[in-house]
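Below are the chains, spelled out letter by letter.
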Amino acid sequence: MASITDTPYLYACIAVFLLILYRVSPFHPLYGIPGPILFQISELPMIFFVLRGTHHRVVRELHQKYGQALRIGPNTVSFTSLSAITKIYGSSQALEKTSAYDLHLIKGEGLFFIKEKASHIPRRRIWNRSFSKEALEQYQHPIASQVENLVYWLVERTKTNGSIDLVKILPQYAYDSTNSVFFSGTAFHPSLLDSDDKDSIVNEASGYFGAFGFFSHAQPFFHIIKHLPGISTFFKFEAFATEAARRRLEKGSPMRDGISYWLEGEDDQPTLAHKDLPIESATLLIGGSETIGAISTFLFYFLLTNQKWLIALREELDHILPDESFHGTFGILDELPLLNAIIQETLRLGTPMPGLPRLVPKGGITIDGLHFPGGTCVSVPAWTHHTDKRYFPNPYEFNPERWIEGGKFMASRGTILTFGGGPFNCVGSKLAYLQLRILVVLLLLHLDFTLAEGFDPAKFWGGIRNRRATTFLEPLCIKASPRKI
Ligand code: HEM
């Protein structure tokens with residue numbers, strides 16, 4: 001039997017020991033950046049908290065203890081300052097993505113996964129076409145139709161079951177909305193709301209995105225296991241996205257949907273190669289739905305547990321949109337101060353996200369007066385920044401007023417990282433705002449809501465987890481009924 005003193009084991013142990021020693025020694029380039037010793041020597045503590053879904057809270061606590069620059073891995077530094085946000089994500093010199101974005105099995109090149117700015121720019125131009133002013137106007141009707149289906153199911157399921165869990169139903173609506181806006185409804189049928197997501201697509205997608213979050217801290221492990229037979233079932237969601245792309249290409253589009261903007265460029269505009277549609281479809285389905293599902297769940301949680309804002313918002317809407325059959329242009333919604341302030345405050349507090357990893361280029365950079373060599377992984381965690389009282393006084397208070405000045409909504413009153421920043425920021429943010437506005441307005445115009453008996457806000461809040469995908473361990477059960485005016 002092999003023993004630890006056999007030569008290969010001995011060498012391996014010595015190598016690990018020397019590596020650990022190096023990582024905490026003055027010879028390591030990150031020596032002197034404070035952080036817990038276990039995080040300095042290994043990725044394992046971070047992996048542990050990522051698996052538990054609590055790393056956003058842990059990193060925040062560590063920043064409070066150790067300060068603005070924090071070593072959270074052997075080669076990884078987390079920052080919490082506005083200057084670091086500008087340097088890492090926002091400036092013309094914004095950093096590129098790390099190899100944490102290489103984690104997919106699906107073939108082709110996808111916007112989200114492209115790490116270098118030079119190759120990212122042409123693909124981003126193709127995507128941008130599907131978020132032009134004209135395109136967004138075109139999406140209003142399909143979005144409103146999906147919200148109307150949601151209204152129907154909220155009432156029906158309340159009637160059948162006594163209450164309805166928003167944690168479950170809002171993501172279903174979000175996937176239906178992406179399917180309708182981008183795929184002309186061809187990605188899957190029937191809609192997830194109509195089938196009550198019988199194939200568990202929401203869970204598959206959330207598990208897939210969660211695996212992406214986990215493996216970004218254990219990349220070598222991913223590159224080993226991806227070759228194992230049978231592992232593709234783990235990536236069932238990629239197969240689903242590939243099928244969605246195939247169906248969209250086969251069935252075409254009766255209307256100008258989001259994907260048609262990519263496939264049919266005007267004049268000399270470059271178009272998307274069909275071989276890249278599967279990977280872009282995976283990004284669309286998750287990027288456009290998992291996020292909206294989670295943020296809208298937060299939004300209704302905040303409104304239902306802060307009745308004064310719900311009442312004030314109803315007043316604002318009733319004043320501007322007195323007719324519940326309102327189906328006009330949704331353009332005027334951009335102007336409503338409280339509606340937009342409530343959405344912005346939800347985006348601030350509804351982002352239990354990790355720092356988006358970026359790579360220090362060759363030659364290194366200086367952030368907040370500290371020099372970092374090329375190859376260091378750096379980030380600013382959204383949750384830590386959004387709950388930093390230097391930038392947001394009483395950070396845990398849901399207070400939409402912090403976004404209002406002189407009676408107007410002012411997004412510039414604070415910097416939030418919900419949509420990332422700089423050249424790799426969220427390409428769909430304008431659509432996200434549009435979807436959230438239409439969702440809130442139509443639900444409030446059509447329905448009365450109450451929280452189901454026994455709802456415990458503290459328990460709900462304690463059950464929020466993030467592994468890149470946000471999950472809610474506790475239900476958010478409500479009763480919905482047609483509005484009595
Ligand atoms: C509230 C909703 C949303 C949130 C919170 C959100 C958040 C984000 C964030 C943080 C990033 C940067 C990711 C990174 O650098 O790793 C991102 C990128 C992206 N998002 Fe969103 N997103 C939302 C809605 C949408 C929608 C509706 C779409 C499309 C339909 C979309 C598509 C994308 C894509 C394609 C990227 C990659 C952009 C690039 O690399 O150029 N997102 N999003």
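Along each chain, numbering runs from 1 in the same order as the chain's sequence is written. Reporting in this predicted model follows two pLDDT cut-offs: at least 70 for local features of residues, and 80 or more for side-chain atom pairs to be given and counted; totals over whole chains, interfaces and linings ignore these cut-offs and use all residues. Water and hydrogen atoms play no part in the side-chain values, which are based on all heavy atoms of the structure.

1. Notes on the nonpolar core
Judged by nonpolar contacts, the single largest core of 147 residues is most densely connected at Phe79, Leu154, Trp262 and Leu443. Working definition: helices are DSSP H or I runs of at least four residues, strands are E runs of at least two. Numbering for both runs from the N terminus. Here the element with the most residues in this core is helix α14 (residues 277–305); it accounts for 16 residues. We call two residues in contact when some of their heavy atoms are within 4.5 Å. Beyond its immediate chain neighbours, meaning those up to four positions away, Leu443 contacts Val147, Leu150, Val151, Leu154, Phe300 and Phe449. Only buried Ala, Val, Leu, Ile, Met, Phe, Trp, Tyr and Cys residues count toward a nonpolar core, and they belong to the same one when joined by side-chain atoms within 4.5 Å. Think of it in three bands: with a 1.4 Å probe and only protein chains considered, a residue is buried below 20% of the maximum accessible area for its type, exposed above 50%, and partly exposed in between.

2. Focus on the sheet that holds strand β3 (residues 96–97)
DSSP-based pairing: two strands are paired if at least 2 bridges between them are found. One open sheet holds the five strands; their spatial order is β1-β2-β8-β5-β3, and the pairing between them is mixed. Each of the sheet's edge strands pairs with one partner strand only, and the pair in question is β1 (69–73) and β3. Across two bridges, the pairing between strand β5 (residues 358–359) and strand β8 (residues 377–379) is antiparallel. Across the sheet, Arg358 pairs through a bridge with Val378, a residue of β8.

3. Observations concerning helix α7 (residues 133–161)
Because the α-helix completes a turn every 3.6 residues, residues three or four places apart line up on one side. By definition here, a helix of n residues has an expected span of 1.5 Å times n minus one. Between its first and last C-alpha, α7 extends 41 Å over 29 residues, near the 42 Å set by a 1.5 Å rise per residue. One axis fitted to the seven residues ending at a residue, another fitted to the seven starting there: the angle between these axes is the bend at that residue. When the local axis directions of α7 are compared, the greatest deviation, roughly 30°, occurs at Gln140, which is followed within four positions by the proline Pro142. Looking one or two residues past α7, Gly162 carries a phi angle of roughly 90°, positive in sign.

4. A few points about the confidence of the model for the protein chain
Residue-level confidence of the predictor, termed pLDDT, takes values from 0 up to 100. The predicted model of the protein chain has a mean per-residue pLDDT of 92, with 96% of residues at 70 or higher. In the model of the protein chain, helix α11 (residues 219–225) stands out as the element of lowest mean pLDDT, 80, in contrast to helix α16 (residues 337–349), which has the highest, 98. Under the prediction, the complex receives an ipTM of 0.98, its pTM being 0.95.

5. Looking at the UniProt feature "transmembrane region" (unreviewed entry) in the protein chain
UniProt positions are given in the numbering used here, feature names are shortened, and annotations may be inferred rather than shown by experiment. Cross-referencing UniProt, the feature "transmembrane region" (unreviewed entry) maps to residues 7–25 in the present numbering. In residues 7–25, the share of helix is 95% and the share of strand is 0%. The end C-alpha atoms are 26 Å apart.

6. Observations concerning the packing of aromatic side chains
In this scheme Phe, Tyr and Trp rings, the latter by its six-membered ring, pair at centre separations within 6.5 Å, and the angle between planes marks the pair as stacked below 30 degrees, edge-to-face above 60, and tilted otherwise. Within the structure shown, the criterion is met by 37 aromatic pairs. Seen in terms of ring centroids, Phe131 and Phe182 are 5.8 Å apart; in terms of plane orientation they differ by 50°. Their pairing is tilted. With Phe131 in the loop between α6 (117–129) and α7 and Phe182 in helix α8 (residues 166–183), the pair connects residues that are 51 residues apart, well separated along the chain. Under the relative-accessibility criterion, Phe182 is labelled buried at 2%. Note on Phe302 and Phe398: the rings are 4.6 Å apart at their centroids and 10° apart in plane angle, and the pair reads as stacked. One end of the pair, Phe302, is in helix α14; the other, Phe398, is in the loop between α17 (382–386) and β9 (404–405), with 96 residues separating them in the sequence. The buried category is assigned to Phe302, whose relative accessible area is 4%. The structure contains a cluster of three or more aromatic residues connected by ring pairs, namely Phe298, Tyr301, Phe302, Trp383, Tyr396, Phe398, Phe455, Phe460, Trp461 and Phe472. Cation over ring: Arg157 sits above Trp153, and NZ or CZ is 4.4 Å from the ring centre. Sitting over the face of the ring of Tyr261, Arg256 holds its NZ or CZ atom 4.2 Å from the ring centroid. Geometrically, a lysine NZ or arginine CZ counts as sitting over a ring once it is within 6 Å of the ring centre and also within 35 degrees of the ring normal.

7. Looking at the site of the ligand
Neighbouring residues of the ligand: 30 residues in total, closest Tyr101, His120, Arg124, Cys426 and Arg468. In this structure, an oxygen atom belonging to the ligand sits 2.8 Å away from a side-chain N or O atom of Arg358. Arg468 places a side-chain nitrogen or oxygen 2.8 Å from an oxygen atom of the ligand. At the level of secondary structure, the elements contributing two or more residues to the shell around the ligand comprise α6, α14 and α18 (429–446). Element by element, the count of residues in the shell around the ligand is highest for α14, at seven residues. The classification used treats Ala, Val, Leu, Ile, Met, Phe, Trp, Tyr, Cys and Pro as nonpolar, Asp, Glu, Lys and Arg as charged, and all other residues, Gly among them, as polar. The class makeup of the residues in the shell around the ligand is 17 nonpolar, nine polar and four charged. We define proximity as follows: a residue is near a molecule or strand when any one of its heavy atoms falls within 4 Å of that partner. Within 3.5 Å is the distance limit for a polar contact, defined as a pair of N or O atoms, with the added protein rule that one can donate a hydrogen and the other accept it, and that residues adjacent in sequence qualify only through two side-chain atoms.

8. Points about the UniProt feature "binding site: heme" (unreviewed entry) in the protein chain
UniProt's entry tags Cys426 with the feature "binding site: heme" (unreviewed entry), counted in the numbering of this structure. Positionally, Cys426 belongs in the loop between β10 (408–409) and α18. Setting aside residues up to four positions removed in sequence, Cys426 forms contacts with Arg124 and Phe419.

9. Digging into the packing of α14 against α18
Close contact between α14 and α18 brings their axes to 11 Å; oriented N to C, the two are set at 45°. The angle between α14 and α18 places the two elements in the oblique class. In terms of crossing hand, the pair formed by α14 and α18 is right-handed. Taking contact as the criterion, the partners of Gly288, Ile292, Ile295, Ser296, Leu299 and Phe300 in α14 are, on α18, Ala432, Gln435, Leu436, Leu439, Val440, Leu443 and Leu444. For helices, the axis comes from a line fit to the C-alpha atoms of the stretch in contact; other axes are also lines fit to C-alpha atoms, and the angle between any two N-to-C directions lies between 0 and 180 degrees. Geometric relationships in this document are graded by angle, where less than 35 degrees denotes roughly parallel, more than 145 denotes roughly antiparallel, 65 to 115 denotes roughly perpendicular, and other angles denote oblique. Each crossing gets its hand from how the near helix is turned against the far one by less than a right angle, where anticlockwise is left-handed and clockwise is right-handed.

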